[in-house]
Protein chains: 2
Amino acid sequence: MKEKDTQKIFTEYLAKQNLRMTSQRELILKTLCRQKKHVTAEQLYEQLKKTDKSIGHATVYRTLKLLTEAGIARELNFGEGSIRYEPDTDNTHHDHLVCVQCGENVEFFDEDIEKLQQAVAEKYGYELMDHSMNLYGTCSKCRGKAD
Amino acid sequence: MKEKDTQKIFTEYLAKQNLRMTSQRELILKTLCRQKKHVTAEQLYEQLKKTDKSIGHATVYRTLKLLTEAGIARELNFGEGSIRYEPDTDNTHHDHLVCVQCGENVEFFDEDIEKLQQAVAEKYGYELMDHSMNLYGTCSKCRGKAD
DNA sequence: TTATATGCAAATTATTTGCAGCGCA
DNA sequence: TGCGCTGCAAATAATTTGCATATAA
């Protein structure tokens, strides 16, 4: 599967809504795509500040919402009280396996689970549109340590 | 599977932590168990007010946390910005299939999915402790309506 | 008696909104 | 030259915390 040209997709998405690409939106997209870990809006804001001292919270929140609508970012809710974001650059949907101790997490995709989810939805007459699945446990590294 | 004697379980849990059963905690537990739908802390608070006008927000939040720790309540996060709670009265774990339009939801349990989740965790060296899985779609009733 | 629990209000945290001014199409 | 965009600050919303008082064991 090819990597998306996120910049182009975003610009086209914006155009369709009569919205514009701006330098801030461009920077936020680039910065999000560069992340190695899932970030909160606040964490992203802190990083963006280093490049653009004048950027505001509101712009970050508003842009993350737009990126999500455009299918370029995904919201992750690990029950921490704030939403984390990950770039969705290669159209590869995946779920998360999170260590409850150190927070380290693995992205995985299980086709059998996806099929069963589809089957469950159909069984109850629902048309499945999306899902969120997070597995919580302890990673081997954390289990190695004394409690 | 037997229904839990939640009152007893809670009292024992509290005792173990050197905490006490009180009339407020008892009322909150009873009221939660009576719910037909998943409630937010605020919704529960509103209902509790009718029985005990002097009850405070803090007590409700604090007690819901205790009930969750005691394994009597479960937190549900449907990405709405607030946490919903359901009583976990019969030890039957289940997941949720939620209609994104009307909010109606179905509780389901799929043993095959559970097994596969376990397998995924093992594959990555994690010891699975918990998971959250929510399927989002449109129910047949909502699809019947014109958009 | 004495540690724990409660209600209240203030504090926090995450996020959203209103608005005046700025800047691209 | 207008309409969307931005930063700021104030507004919300959900939840937590500090504290004086009340209460269970």
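Please refer to the structure placed before this passage.
Note that this is a predicted model, so its numbers are computed, not measured.

A. Just the protein's contact with DNA strand D, in detail. Around DNA strand D sit 21 residues in total, of which A:Arg20, A:Thr22, A:Arg25, A:Thr59 and B:Lys65 are the nearest. Those atoms of DNA strand D that come within 4 Å of the protein belong to sugar or phosphate at a rate of 72%. Between DNA strand D and A:Thr22 there is a distance of 2.8 Å, counted from a phosphate oxygen to a side-chain nitrogen or oxygen. Separating a base nitrogen of DNA strand D from a side-chain N or O atom of A:Arg62 is a distance of 3.1 Å. Contributions of two or more residues to the surface near DNA strand D are made by helix H2 (23-34) and helix H4 (57-69) of chain A together with helix H4 (57-69) of chain B. The greatest single-element share of the surface near DNA strand D, amounting to 4 residues, is contributed by H4(B). Residues belonging to the surface near DNA strand D are distributed by class as follows: 7 nonpolar, 8 polar and 6 charged.

B. Broad picture of the protein's contact with DNA strand C. The environment of DNA strand C is formed by 20 residues, the closest being A:Arg20, A:Lys65, B:Thr22, B:Arg25 and B:Thr59. Near-protein atoms of DNA strand C (within 4 Å) split between backbone and bases, with sugar and phosphate holding 71%. A distance of 2.7 Å separates a phosphate oxygen of DNA strand C from a polar side-chain atom of B:Arg25. In this structure, B:Arg62 approaches DNA strand C through a side-chain N or O atom, which is 3.1 Å from a base nitrogen. Of all the elements in the fold, those that place two or more residues in the surface near DNA strand C are H4 of chain A together with helix H2 (23-34) and H4 of chain B. Of the residues that constitute the surface near DNA strand C, the class distribution is 6 nonpolar, 8 polar and 6 charged.

C. Examining the nonpolar core more closely. Core analysis: the biggest nonpolar cluster contains 27 residues, and A:Leu97, A:Tyr126, A:Leu135, B:Leu97, B:Tyr126 and B:Leu135 have the highest contact counts within it. Those elements that place two or more of their residues in this core are strand E4 (95-99), strand E5 (105-108), helix H5 (111-123) and strand E6 (127-138) of chain A together with strand E4 (95-99), strand E5 (105-108), helix H5 (111-123) and strand E6 (127-138) of chain B. When residues no more than four places from it in sequence are discounted, the contact partners of B:Leu97 are A:Val120, A:Ala121, A:Tyr124, A:Tyr126, B:Glu104, B:Asn105, B:Val106, B:Phe108 and B:Leu135.

D. Region of interest: the relation of the copies chain B and chain A. Least-squares fitting of chain B to chain A yields an RMSD of 0.1 Å, with the superposition described by an axial translation of 0.0 Å and a rotation of 179°. The transformation just described matches what one would write down for a two-fold rotation axis. Of every C-alpha in chain B, the one belonging to B:Met133 sits nearest the axis of rotation, 2.1 Å from it. Most of the interface of chain B is mirrored in chain A, where 100% of its interface residues again form contacts.

E. Representation of the interface of chain B and chain A in the model. Listed by partner, the interface residues are 36 residues for chain B and 36 residues for chain A. Roughly 2,900 Å² is buried in total at the junction of chain B and chain A, and carbon and sulfur atoms are behind 66% of that figure. The interface formed by chain B and chain A includes 2 salt bridges. Connecting chain B to chain A are 17 residue pairs in polar contact (both at pLDDT 80 or more). Looking at the side of chain B that touches chain A, the elements with two or more residues in it are E4, E5, H5, E6 and helix H6 (140-144) of chain B.

F. Focus on the pairing of E4(B). Residue and element names in this part refer to chain B. The buried fraction of E4 is high, at 5 of 5 residues. What you see with E4 is no split at all: Asp 95, Leu 97 and Cys 99 on one side and His 96 and Val 98 on the other are buried throughout. Inspection of the sheet shows E4 paired to E5 by 4 bridges, in the antiparallel sense. Across the sheet, the residue bridging to Leu 97 is Val 106, located in E5.

About the thresholds
Residues numbered from 1 in each chain as written. Chains lettered and ligands numbered in written order. Predicted model: local features only at pLDDT ≥ 70, side-chain atom pairs only at ≥ 80, totals over all residues. Heavy atoms only, no water. Near = heavy atom within 4 Å. Polar contact = N/O pair within 3.5 Å; in protein donor to acceptor, adjacent residues only side chain to side chain. Helix = DSSP H or I, 4+ residues; strand = E, 2+ residues; numbered from the N terminus. Nonpolar A, V, L, I, M, F, W, Y, C, P; charged D, E, K, R; others polar. Core = buried A, V, L, I, M, F, W, Y, C linked by side-chain atoms within 4.5 Å. Buried < 20%, exposed > 50% of the residue type's maximum accessible area, 1.4 Å probe, protein only. Contact = heavy atoms within 4.5 Å. Least-squares fit on C-alpha atoms with pLDDT ≥ 70 in both. Buried area = accessible area lost by both parts, 1.4 Å probe. Salt bridge = Lys/Arg side-chain N within 4 Å of Asp/Glu carboxyl O. Pairing = 2+ DSSP bridges.

Honestly, it's all geometry; don't read function into it.
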